[in-house]
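Tertiary structure, described
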Amino acid sequence: LVGKRFSGVKGELLLCEANMVLKYTQDDGSNRGTYGKLICTNFKISFLGEEPALEDDELEFYNKIIGENDITLQCVDQLYGVYDERKKPLNGQLRKYPETMIIYCKDLRVFHFCLRYTKEEEVKRIVSGIVHQTQTPKLFKRLFLFSYATAVPSKAEKKNQTVMFDSINDWRQELERTKGNLKFKAVSSNENYNLLYNKMNALWVIFTDENKRVLQIWCWSCHNGAALLKMSTLPKAQDDNALQTQKIFLEDMYKTLDNPPYEAMKVDVLSSSLPSLQEIQIAYTRFKQLFLIDNSTDFWDTDVKWFSLLESTNWLEIVRRCLRKAVEIIDLLEAENTNVLLIEENASDLCCVISCLVQVMMDAHCRTKLGFQSLIQKEWIMGGHAFLDRCNHLWQTDREEAPLFLLFLDCVWQLVQQYSLAFEFTETYLTVLSDSLYIPIFSTFFFNSPHQRDTTRYGGSLNTEGTKLSYLHVWDWSVQFGPEAQALLNNPLYAEKPKQVKSQKKPTQFKHQRQLSLPLTQTKPSPKRGFFKEETDQLIKNLLGKRISRLITSADELQNTSREFYESWHSKPADLHGILLPRLEGPEIKVWAQRYLRWIPEAQLPSGGTVATATKVWEVMEDVQGLQKQMDEKRNQSLSEEGAAAEAPFQRNPARLSALFPFAGLQRHSLKPVLPTSTWKDLEGEDLARRDDEYVDLGDV
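In the nomenclature of an unreviewed UniProt entry, the chain is known as Myotubularin-related protein 12 of Podarcis muralis. In UniProt, the chain has this text filed under Sequence similarities (unreviewed entry): "Belongs to the protein-tyrosine phosphatase family. Non-receptor class myotubularin subfamily."

Rendered as structure tokens:
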């Protein structure tokens, strides 16, 4: 079968395989597991074994593309081999092959494959093949995305309700929706990616420079007319003509924004107030090591020093700083009626994070599922975020790698867990969206810019002649999930905005949730050793968000004016369809448990968490829909299929579910060891098996 078409997704080729591979059970360290076949294709690494069958009343959150034992090549983070019980990184040319291969994934799964019982030739082939496919630099043209797009018949793209912002009409409608058209207008869709600027009393919505970098200006307009803008620093001029062009453009822009009928403008250079991309990458690298756990013993070894380890990563503090920056900008837009211009070197990294957070907090439309997806399309995809480099999909260099999009999703999760009723989507939606970063059949997160994407459609140019590649976008969730699984992406408790009726009085304001954990109190100075010992037995409670960040304090306080605005807002009941400001105090910024802890059995809380509440809500909804159906039948009015009672995606028995559902059901928990047998360690950062993916001619891309 090696080298032939593989019965997986279209375009997938089987490169190498190994039989009699033992996949260890991760949670107990007892060397127990399942025997099966380990294969590597040009799309994924997959283990084919006889897994224990699910019981009838258990629900599997099934992904149609990626199974429980599948790892896309882009999802592989680190490879290690075990030699005589010593763990060493696997890369380059191997002189000796390991007894066990450990794969650490970017979605924080950990796989242990024992090769002790596998034939030597098969061990060499599978190990060298996986190392070559996941640890050596790849050409852009050899991404599986193009193999898939070539194999899939070209057809008309499926109609999608998400606004893609790939046409001038999409921008004009967004300007109309936000009333931004009062001061801005979209004049050109910039199809040829030329440098465009306007000398009139209006700004272009999108334009790019000669290097095809996107220089998007208008982001969003507030109800009072103030606008959120962003731009990149202009490249260094190579000659006097270019310098003069830049000077005219900047003078024009500042003159337009800083004169009537426009309000005053505040310029915010994000590099001066937020961490650099390198600092963000370092923080996340440290942070993720806390969750890449080899076995139960290693997990419990982190128990005593969990809080100090968490604090030392600085990840939650970076999340807090981004949210605080968004609050400061909202104060300028809302309270001071001031235009805000965000400036960054390329305007497609931290600008995307902050501008999106501002819109999520201020615009209720962005808290709906379609609105949120359209926001990502507008700011991240059309805004030119370099997903290819930031996610290091080609393994060419880690200098450009930085988890900006994941940072944004983590910030949004903080808002979702503080104001769950205000969001139409769930944390499960955010989790599967983060997982989709590494599935190379979707074009959404695999290009550095719209220009790069468009030049690949017809073989490396914008010429529309020839065969057009058919790209999928991630927003068609039916490609990954069936109806029951998709139901878990929607929040059944979402409070839709009531329709205005003239006879009604003022709409009732919703009270926002208050802090569920204990209030902050002064604590005694902690001794150097053993401070957290008394909290050891309540680790799971801490992990799942009650007091996980008690020790982390803000490095910088809000500015005085923003602090007054922030405190004034929190002193009043919150309107779930108006502005939402996050609570920024120490214990309020928490670890996103579902994403980071979902694969660790010890962190699962049986029959607890939001799943218990959601189960009851779905049951009540089913009862109400059933009664409604009976009433309609009595009146000889049958419901349409759309109106029929939907089957609840949750199990009837919540005791069988974990707080990290749907990614973890009730699993067998290993006991905490009385005497730890190991200490916690930091993880450091032509043969068909070594063949590259099929070469797809994209011209001079």
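With that settled, consider the nonpolar core. Phe372, Trp380 and Phe408 are the most contacted members of the largest nonpolar core, which totals 165 residues. If one sorts the elements of this core by residue count, helix α8 (residues 315-335) sits on top with 12 residues. The two domains that each donate at least three residues to this core are domain 1 (14-53 + 61-136) and domain 2 (168-488). In this structure, Ile168, Phe184, Ile217 and Leu229 belong to the second largest nonpolar core, which totals 15 residues.

This next bit is on the packing of helix α10 (residues 369-381) against helix α13 (residues 427-435). It is at 13 Å that the axes of α10 and α13 come closest, and there the two elements cross at 30°. Taken as axis vectors, α10 and α13 run roughly parallel relative to one another. The hand of the α10/α13 crossing is right-handed. Here α10 contributes Lys369, Phe372, Gln373 and Ile376 to the contact with α13, which in turn contributes Tyr429, Leu430 and Leu433. In terms of residue class, the contact of α10 with α13 is built from five nonpolar, one polar and one charged.

With respect to the helices and strands, the residue threonine 426 is situated in the loop between α12 (404-418) and α13. Within the structure, threonine 426 has its side chain in polar contact with the backbone nitrogen of threonine 428 (distance 3.3 Å). Excluding anything up to four places from it in sequence, threonine 426 contacts Leu488, Leu489, Asn490 and Asn491.

Across the sheet, which stays open at both edges, the eight strands sit in the order β4-β3-β2-β1-β8-β7-β5-β6 with antiparallel pairing between neighbours. Across the chains shown, the open sheet's two edge strands, defined by having one partner strand only, are β4 (70-72) and β6 (86-89). Neighbour to neighbour, the strand axes of the sheet diverge by 30° on average, direction disregarded. Two elements, strand β5 (residues 76-83) and β6, share four bridges in a ladder whose sense is antiparallel. Pairing of tyrosine 83 across the sheet is with arginine 86, part of β6.

The subject of this paragraph is unusual backbone geometry. Backbone geometry at asparagine 337 places phi at a positive 55°, although glycine is not the residue there. Positionally, asparagine 337 belongs in the loop between α8 and β12 (339-344). The backbone of tryptophan 395 shows a phi angle near 55°, a positive value even though the residue is not glycine. Residue classification places tryptophan 395 among the buried positions, given a relative accessible area of 13%.

This paragraph deals with the confidence of the model for the chain. Of the residues in the chain, 69% reach a pLDDT of 70 or more, and the chain-wide mean stands at 78. A low-confidence stretch, residues 502-555 (pLDDT under 50), is modelled with 94 contacts involving residues beyond four sequence positions or located in other chains. Every residue in residues 639-646 scores below 50 in pLDDT, and together they form six contacts with partners more than four places removed in sequence or on other chains.

Side-chain pairing between opposite charges can occur once the charged atoms of the two side chains come close. In the structure shown here, the tally under the stated rule is 21 salt bridges. Glutamate 99 is the salt-bridge partner of arginine 116, the closest N and O atoms lying 3.9 Å from each other. Placement of arginine 116 in the loop between β8 (110-114) and α1 (120-135) and of glutamate 99 in the loop between β6 and β7 (100-105) is noted, with a sequence separation of 17 residues between them. Relative accessible area serves as the criterion here: at 49%, arginine 116 is assigned to the partly exposed category. Its relative accessible area of 32% is what places glutamate 99 among the partly exposed residues. For arginine 583, the salt bridge identified is with glutamate 588, shortest N-O distance 3.6 Å. Of the two residues, arginine 583 and glutamate 588, neither departs from the other in class, the shared state being buried. Among the charged side chains, a salt-bridge network with shared partners connects Glu174, Arg177, Lys230, Asp363, Lys378 and Glu379.

This part covers the packing of α8 against helix α9 (residues 350-362). One way to put it is that α8 packs onto α9 with a least axis distance of 9 Å and a crossing angle of 60°. Taken together, α8 and α9 sit at an angle that is classed as oblique. Crossing hand, α8 versus α9: right-handed. Contact with α8, carried on its side by Cys322, Leu323, Lys325, Ala326, Ile329, Ile330, Leu333 and Glu334, involves Val353, Ile354, Leu357, Val358, Met361 and Met362 of α9 and no other residues of that element. A class-by-class count of the residues in the contact of α8 with α9 yields 12 nonpolar, no polar and two charged.

One pass over the full model with this rule turns up 39 aromatic pairs. Ring centres of phenylalanine 47 and phenylalanine 113 lie 5.8 Å apart, and the angle between their planes is 35°; this geometry places the pair in the tilted category. Taken together, the residues phenylalanine 47 in strand β3 (residues 44-49) and phenylalanine 113 in strand β8 connect sequence positions 66 residues apart. In this structure, phenylalanine 47 and phenylalanine 113 share a single accessibility class: buried. Here the aromatic residues Phe372, Trp380, Phe387, Phe405, Phe408, Phe423, Phe425, Tyr429, Phe445, Trp475, Trp477 and Phe481 are joined through ring pairs into a cluster of three or more. Stacked on the ring of tyrosine 80, the Lys or Arg lysine 87 has its end atom at 5.5 Å from the ring centre.

Turning to helix α17 (residues 560-570), a few remarks are in order. All of the buried residues along α17 are Ser562, Phe565, Tyr566, Trp569 and His570. Buried residues in α17, looked at end-on, bunch into an arc of 125°, giving them a common side. Seen from the buried face of α17, the exposed residues on the opposite side, beyond 90 degrees, are Asn560 and Glu564. In the core, the buried residues of α17 are packed alongside α8.

What counts, and where the lines are drawn
- Residues numbered from 1 in each chain as written.
- Predicted model: local features only at pLDDT ≥ 70, side-chain atom pairs only at ≥ 80, totals over all residues.
- Heavy atoms only, no water.
- UniProt positions renumbered as here; feature names shortened; annotations may be inferred.
- Core = buried A, V, L, I, M, F, W, Y, C linked by side-chain atoms within 4.5 Å.
- Buried < 20%, exposed > 50% of the residue type's maximum accessible area, 1.4 Å probe, protein only.
- Helix = DSSP H or I, 4+ residues; strand = E, 2+ residues; numbered from the N terminus.
- Domains from an automatic or database assignment.
- Axes fitted to C-alpha atoms, helices over the stretch in contact; angles between N-to-C directions.
- Parallel < 35°, antiparallel > 145°, perpendicular 65-115°, else oblique.
- Left-handed = near helix turned anticlockwise from the far one by under 90°.
- Contact = heavy atoms within 4.5 Å.
- Nonpolar A, V, L, I, M, F, W, Y, C, P; charged D, E, K, R; others polar.
- Polar contact = N/O pair within 3.5 Å; in protein donor to acceptor, adjacent residues only side chain to side chain.
- Pairing = 2+ DSSP bridges.
- pLDDT = per-residue confidence, 0-100.
- Salt bridge = Lys/Arg side-chain N within 4 Å of Asp/Glu carboxyl O.
- Phe/Tyr/Trp six-rings, centres within 6.5 Å; stacked < 30°, edge-to-face > 60°.
- Lys NZ or Arg CZ within 6 Å of the ring centre and 35° of its normal.
- Arc of directions from axis to C-beta.

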